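Structure at a glance
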Amino acid sequence: MCGTCGCSPEENKIVVLDPVKAKSEPEHKHSHDHSHDHSHGHTHEHSHDHHHDHSHSHKVLEVEADILRQNDLMAAKNRGFFEAKGILALNLVSSPGSGKTSLLERTLSDLKDELSFYVIEGDQKTQNDARRIAALDVPVVQINTGKGCHLESDTVLEAVRKLEVEDRGILMIENVGNLVCPSMFDLGESKRVVIISTTEGDDKPLKYPDMFYTSDICIINKMDLLPYLDTDIETIKQNALKVNPNLLFFEVSATKGNGMKDWYQWLTEQYESI
């Protein structure tokens, strides 16, 4: 259970996809129609005697601190493993719909013949994104978190083991779409990359400061839509820099390919420095 946000994730499901089968097997959809009659022929009388135990909030804080402490310990192990193997691990975070998967697809399509990639896909349900990556013949593992709103370091390690990563490569971890809880959970990544789209407005960094504060890179996606929006790129940057003066920015269009060369150059330089 996530003590920081109250989510109660189901047991994480980790799926390794076969790239060949992923191209041909359709996603199965199930439709269930449930009809229930919940009428009751009686009334209830309730008497509540409220008593507040203020020690409860203290216990909650202890649980939260313990969860984060355990996560950080495993994240440190992950980081040591990545460094020993020469793995550049990037934690891709954003709100839903920012274009994380499209950015990842474009990057892999253009660079997979030059650089060695591995991918972890994090979603509450479905294997849709992992299928898209597997279709590119890139090793991928899907983590389904159920009701959980973020990935955690122990599950990432288990997924990495299933990927059987070789020495020297780039591990792309696409986190669950959420700008709140993933900011608190270190996965042992080398760099955290926050993606924001031009359609999200200028003030997203101010609304979700923790995510931007803990990130190293900020990719502004969907630049091709800018002429149709009231969004101001410089305002986005200035708001982000108020939170984190050390952010490095890339302005791209994942679907059109605009601005991707600068992002690729940074990735290649990071890879060569491993």
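Before reading further, recall that the structure is shown in the block above.
Residues numbered from 1 in each chain as written. Predicted model: local features only at pLDDT ≥ 70, side-chain atom pairs only at ≥ 80, totals over all residues. Heavy atoms only, no water.

1. Quick word on the overall build of the chain
Within the chain, the secondary structure is distributed over nine helices and eight strands. Counting only residues that meet the buried cut, the chain has 46% of its 274 residues in that class. Residue pairs at least 24 apart in sequence account for 75% of intrachain contacts in the chain once pairs closer than 6 positions are excluded. Accessible surface, the chain: about 15200 Å² in total, of which carbon and sulfur atoms supply 48%. (Helix = DSSP H or I, 4+ residues; strand = E, 2+ residues; numbered from the N terminus. Buried < 20%, exposed > 50% of the residue type's maximum accessible area, 1.4 Å probe, protein only. Contact = heavy atoms within 4.5 Å. Areas by Shrake-Rupley, 256 points an atom, 1.4 Å probe, with all protein chains shown as cover.)

2. Topic: the packing of aromatic side chains
The geometry of an aromatic ring pair is captured by the separation of the ring centres together with the interplanar angle, meaning the angle of the planes. Applying the stated rule across the entire model yields four aromatic pairs. Residues Trp263 and Trp266 carry aromatic rings whose centres are separated by 5.6 Å and whose planes lie at 10° to one another, so their mutual orientation is stacked. With a gap of three residues between them, Trp263 and Trp266 both fall in helix H9 (residues 260-272), about one helical turn apart. Of the residues examined, Trp263 reaches a relative accessible area of 1% and is grouped as buried. An aromatic cluster is defined as three or more aromatic residues linked by ring pairs; in this entry it consists of Phe250, Trp263 and Trp266. The residue whose ring lies beneath Arg168 is Tyr271, and the NZ or CZ to ring-centre distance is 4.3 Å. (Phe/Tyr/Trp six-rings, centres within 6.5 Å; stacked < 30°, edge-to-face > 60°. Lys NZ or Arg CZ within 6 Å of the ring centre and 35° of its normal.)

3. A few points about the sheet that holds strand E7 (residues 217-221)
Two modes of strand pairing occur in sheets, parallel and antiparallel, and in both the strands are linked by backbone hydrogen bonds. Judged by pairing direction, the sheet is mixed, and its eight strands sit side by side in the order E1-E4-E3-E5-E2-E6-E7-E8 without closing on themselves. The open sheet terminates on both sides in strands that have one partner only, identified here as strand E1 (13-16) and strand E8 (248-251). Recorded for the sheet is a direction-independent mean angle of 20° between the axes of neighbouring strands. Direction of pairing for strand E3 (residues 117-123) relative to strand E5 (residues 169-174): parallel, over a ladder of five bridges. Bridging from a neighbouring strand, Val119 pairs with Met172 of E5. (Pairing = 2+ DSSP bridges. Axes fitted to C-alpha atoms, helices over the stretch in contact; angles between N-to-C directions.)

4. Here we look at helix H8 (residues 233-243)
Of the positions making up H8, those classed as buried are Ile233, Ile236, Lys237, Asn239, Ala240 and Val243. Along the axis of H8, the buried residues cluster in a sector spanning 165°; they form a single face. Where H8 is buried, its residues contact strand E6 (191-197), helix H6 (204-207), helix H7 (209-213), E7 and E8. (Arc of directions from axis to C-beta.)

5. Things to note about the pairing of E8
Summarising the sheet, E7 and E8 pair through four bridges and their orientation is parallel. Counterpart to Ile217 in the pairing with E8 is Leu248. Handedness of the crossover joining E7 and E8 through H8: right-handed. (Right-handed = clockwise from strand over helix to strand, strands pointing away.)

6. A look at H9
Taking 1.5 Å per residue, 13 residues should reach 18 Å; H9 reaches 18 Å between its end C-alpha atoms and fits that length. All buried positions along H9 are accounted for by Met260, Trp263, Tyr264, Trp266, Leu267 and Tyr271. Here the buried residues of H9 occupy an arc of 160° about the axis, which is enough to place them on one side. Seen from the open side of H9, the exposed residues pointing more than 90 degrees away from its buried face are Lys261, Asp262 and Glu272. Summarising the contacts, the buried residues of H9 are in contact with strand E2 (87-94), helix H3 (100-111), E5, E6, E7 and E8. (Expected span 1.5 Å × (residues − 1).)

7. Structural notes on the side chain of Ser183
Along the polypeptide, Ser183 turns up in the loop between E5 and E6. Residues contacting Ser183, with those up to four places away along its chain left out, are Arg192, Asp210, Met211 and Thr214.

8. Here we look at the side chain of Thr101
Secondary-structure assignment places Thr101 in helix H3. Of note is the side chain of Thr101, whose polar atom sits 3.2 Å from the side chain of Asp129. Residues contacting Thr101, with those up to four places away along its chain left out, are Glu121, Asp129, Arg132 and Glu174. (Polar contact = N/O pair within 3.5 Å; in protein donor to acceptor, adjacent residues only side chain to side chain.)

9. Topic: the nonpolar core
In terms of nonpolar packing, the biggest core is built from 33 residues, with Leu90, Ile170, Met172, Ile219 and Trp263 touching the most fellow members. Secondary-structure elements contributing two or more residues to this core are E2, H3, E3, helix H4 (128-134), E5, E6, E7 and H9. Apart from residues no more than four positions distant in its own chain, Trp263 is found in contact with Leu90, Leu103, Thr107, Met172, Val193, Ile219 and Phe250. Judged by nonpolar contacts, the second largest core, of 17 residues, contains Val141, Ile143, Leu163 and Leu187. (Core = buried A, V, L, I, M, F, W, Y, C linked by side-chain atoms within 4.5 Å.)

10. Thoughts on the pattern of salt bridges
A complete count under the given rule lists nine salt bridges for this structure. The salt bridge involving Arg132 is made with Asp129; its shortest N-O contact spans 3.7 Å. With Arg132 and Asp129 both in helix H4 and three residues apart, this pair spans about one turn of that helix. Relative accessible area serves as the criterion here: at 33%, Arg132 is assigned to the partly exposed category. The closest approach of N and O atoms between Lys204 and Glu200, which form a salt bridge, is 2.6 Å. The exposure class assigned to Glu200 is buried, which follows from its relative accessible area of 17%. Ionic contacts of the salt-bridge type, sharing partners, join the residues Glu105, Asp129 and Arg132 into one network. (Salt bridge = Lys/Arg side-chain N within 4 Å of Asp/Glu carboxyl O.)

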